[in-house]
Amino acid sequence: MPTVSAKPIAPSETCLSFERSAARVAENAKHIAGGVNSNFRTGMAGGPLVFERGEGPHLIDVDGNRLIDYYCGMGAMVLGHSPKDVQQAVKDQVEKGILYAGQSEVEFEAARILCERIPSAQRVRFGSSGSEVAQAAFRLARAATGKRIILKFEGHYHGWFDNVLWSTAPAQNAAGPDNAPVKVAGSVGQLASAADDLDVICWNDLGKLEARLAKNDIAAVIMEPAMCNQGAIAPAPGYLEGALAACRRHGAILIFDEVITGFRLDRAGAQARFGVTPDLSIFAKAIANGFPVAAIVGRADLLDMFVTGGVLHGGTFNSQPVTMAAMVATQKMLTPEGYEAASRRGVRLRDGIRGILKDAGIKAQVTGFELMFHVGFGLDAPARNYRDLLRCDKALYVRFAHGLLKRGVRVLERGAWFVSFEHEDAVIDTTLDAVRNAAREIAA
Ligand SMILES: Cc1ncc(COP(=O)(O)O)c(C=O)c1O
């Protein structure tokens, strides 16, 4: 494929074309199902795009468009697309070897960093994806408690495996009453029996959680400590503390899924930000800025069941040295000063969008955090859980996302915005110009 030079675009330009991306995806659908390698890459503004490279806050596609990127690798690229130290660490490690099927000093350093940084991390084990380490957490919890059921929350996502891909984004008419949600499969091909050992309730309501735990049959409660796969919703005051206390009372393990919140809401995770230490936590995405690293961390007595409790954990690519080198370099670049500067810009962007939408007369709630927030069109008040998010005007937001893409700003159609350390002030200004123009267009 020829290399195309990137065209800088003016903020008001509304004519970007994505024809070459569309053609390449269509041509390659003869080899790759649908031309994409994740179902989550279809159904997006502009169609699935094909990229040539990433630079700082930008992605350059095969049509030569230089897009300001707020997907940030679905949240993974907290340092942006070209963090020099990470790139160099990876090159250096490749020179030294790719996969040893043994231990390496770089993985020991990666583990030490996590144990020193993350409040719940007395021990760690590495894997390659968030979906996979969620399974390890379930296995540990069942082994430790002798109980069967995993309790999850509506709208929370913990990977694509059969036993947990339930009620991640159920339609209103399928979700059932909010005091007894129906378990809704996320995919055709999932057996109903895959949910036999799973229960689903609404999040952010301590009474509902306590009532469910009172049956004393729950092995583990898993939640995003701030709900970010859908929306960007902080836990209600006291909710996380209450959940931990209720788990303790009823002999359940509390698992925080920090796959999104980790290294975004705080360099030590949402657990540090909210001051609640769960029994187990899982991390992925931003942990190694785009390299496939995931971690399960937690209480030593639980993690040590992998050694003395007969609980199996494996994986050919676990602690693969190149990814470990990327992780160590990433963690070193995630400095408090870096967070402070990026957070200031993230807040400027978030609040700027809120103001522009208000001025344009578009009803919306812009909520969430500094480096990850959510724009919910049509909401009168900030969402508290998934049920509230169902009131979003998704169709209007999709038009807005298309309007932004035409103007060179790439945002997720579900309303999430991920900000990186490399989204400098000038990039935020250009983004806000595009937001202003796209908002005017849909308000008209
Ligand atoms: C909160 C959360 N947990 C788990 C996962 C699964 O992680 P992975 O895609 O690395 O398997 C995701 C992925 O988006 C996620 O957002």
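Keep in mind the model is a prediction, meaning the values are calculated, not measured.

(A) Molecular detail of the overall build of the chain. Assigned secondary structure in the chain consists of 14 helices and 14 strands. The C-alpha radius of gyration computed for the chain amounts to 22 Å, which stays within 12% of the reference 22 Å derived for 444 residues, consistent with globular compactness. With respect to the three principal axes, the spread of C-alpha positions in the chain is 60 × 55 × 45 Å. Buried residues in the chain amount to 55% of all 444 residues. Of the roughly 18,100 Å² that the chain leaves accessible, carbon and sulfur atoms contribute 53%. When the 49 positive and 48 negative side-chain charges of the chain are each reduced to one mean point, those points stand 2 Å apart.

(B) Quick peek at the site of the ligand. Close to the ligand lie Ser129, Gly130, Ser131, Tyr157, His158, Gly159, Glu224, Asn229, Asp257, Val259, Ile260 and Lys285, which account for all nearby residues. Asparagine 229 places a polar side-chain atom, nitrogen or oxygen, 2.8 Å from an oxygen atom of the ligand. Note that a nitrogen atom of the ligand is positioned 2.6 Å from one of the side-chain N or O atoms of aspartate 257. In the complex, the protein chains occlude 84% of the 380 Å² of accessible area that the ligand would expose alone. Its residues assigned to classes, the shell around the ligand shows three nonpolar, six polar and three charged.

(C) Just the packing of aromatic side chains, in detail. On inspection of all chains with the given rule, the structure shows 10 aromatic pairs. On the basis of an interplanar angle of 80° and a centroid distance of 5.7 Å, the ring pair of tryptophan 203 and tyrosine 239 is categorised as edge-to-face. Residue tryptophan 203 is located in the loop between strand S6 (198-201) and helix H5 (206-213), and its partner tyrosine 239 is located in helix H6 (residues 239-249); the two are separated by 36 residues in the primary sequence. Across the pair, exposure class does not vary: tryptophan 203 and tyrosine 239 are buried alike.

(D) Looking closely at the layout of surface pockets. Computed from the structure, the second largest pocket encloses a volume of approximately 340 Å³. Secondary-structure elements contributing two or more residues to the lining of the second largest pocket are helix H3 (105-117) and strand S4 (123-127). For the lining of the second largest pocket, the class distribution of residues is eight nonpolar, eight polar and two charged.

(E) Up close: the packing of helix H11 (residues 336-359) against helix H14 (residues 425-443). Following both chains from N to C, one finds H11 and H14 inclined at 15°, their axes separated by 10 Å at the closest point. Taken together, the axes of H11 and H14 lie roughly parallel to each other. By crossing handedness, the relation of H11 to H14 is classed as right-handed. Facing H11, whose interface residues are Arg344, Arg345, Arg348, Leu349, Gly352, Ile353, Ile356 and Leu357, H14 presents Asp425, Ile428, Asp429, Thr431, Leu432, Val435, Arg436 and Ala439. For the contact of H11 with H14, the class distribution of residues is eight nonpolar, two polar and six charged.

(F) Local environment of the sheet that holds strand S1 (residues 51-55). Read across the sheet, four strands follow the order S1-S2-S3-S13 without closing on themselves; strand pairing throughout is mixed. The open sheet has two free edges, formed respectively by S1 and strand S13 (409-410), since each of these has just one partner strand. Relative to strand S3 (residues 66-69), H14 is tilted by about 95°, and along the sheet it contacts strand S2 (58-61), S3 and S13.

(G) A look at the sheet that holds strand S12 (residues 372-377). Judged by pairing direction, the sheet is antiparallel, and its three strands sit side by side in the order S11-S12-S14 without closing on themselves. Here the strands that pair on one side only, and so sit at the sheet edges, are strand S11 (364-368) and strand S14 (416-418). Geometrically, the sheet is characterised by an average inter-axis angle of 20° between neighbouring strands, direction not taken into account. Two strands pair when backbone bridges link them, and S12 and S14 are joined in this way by three bridges, in the antiparallel orientation. Along S14, the bridge assignment pairs histidine 374 with alanine 416.

(H) Region of interest: a nonpolar patch on the surface. A contiguous nonpolar patch, built from Val94, Ile98, Leu99 and Phe317 and spanning about 370 Å² of accessible area, is present on the exposed surface. Note that isoleucine 98 resides in the loop between helix H2 (84-96) and H3.

(I) Local environment of the pairing of strand S8 (residues 253-257). Burial within S8 is extensive, with five of its five residues counted as buried. Burial of the side chains of S8 extends over both faces: Ile253, Ile255 and Asp257 are buried on one face and Leu254 and Phe256 on the other. Relative to S8, strand S7 (residues 218-223) is paired through four bridges, and the arrangement is parallel. Within S8, the position partnered with alanine 220 by the bridge is isoleucine 253. As for the winding sense of the linkage, the β-α-β connection from S7 through H6 to S8 is right-handed. Inspection of the sheet shows S8 paired to strand S9 (residues 280-283) by three bridges, in the parallel sense. Within S9, the position partnered with aspartate 257 by the bridge is isoleucine 282.

Quick notes on the rules
- Residues numbered from 1 in each chain as written.
- Predicted model: local features only at pLDDT ≥ 70, side-chain atom pairs only at ≥ 80, totals over all residues.
- Heavy atoms only, no water.
- Helix = DSSP H or I, 4+ residues; strand = E, 2+ residues; numbered from the N terminus.
- Rg over C-alpha atoms; globule rule 2.2 N^0.38 Å.
- Buried < 20%, exposed > 50% of the residue type's maximum accessible area, 1.4 Å probe, protein only.
- Areas by Shrake-Rupley, 256 points an atom, 1.4 Å probe, with all protein chains shown as cover.
- Lys, Arg positive; Asp, Glu negative; His and termini not counted.
- Charge placed at Lys NZ, Arg CZ, Asp CG, Glu CD.
- Near = heavy atom within 4 Å.
- Polar contact = N/O pair within 3.5 Å; in protein donor to acceptor, adjacent residues only side chain to side chain.
- Nonpolar A, V, L, I, M, F, W, Y, C, P; charged D, E, K, R; others polar.
- Phe/Tyr/Trp six-rings, centres within 6.5 Å; stacked < 30°, edge-to-face > 60°.
- 1 Å grid on protein atoms, 1.4 Å probe; cavity = no way out; pocket = protein on both sides within 12 Å on 5 of 7 lines; lining within 4 Å.
- Points joined across faces, edges and corners; volume = space filled by probe spheres on them.
- Axes fitted to C-alpha atoms, helices over the stretch in contact; angles between N-to-C directions.
- Parallel < 35°, antiparallel > 145°, perpendicular 65-115°, else oblique.
- Left-handed = near helix turned anticlockwise from the far one by under 90°.
- Contact = heavy atoms within 4.5 Å.
- Pairing = 2+ DSSP bridges.
- Patch = residues over 30% accessible without salt bridge, like charges linked within 9 Å, V, L, I, M, F, W, Y side chains within 5 Å.
- Salt bridge = Lys/Arg side-chain N within 4 Å of Asp/Glu carboxyl O.
- Right-handed = clockwise from strand over helix to strand, strands pointing away.

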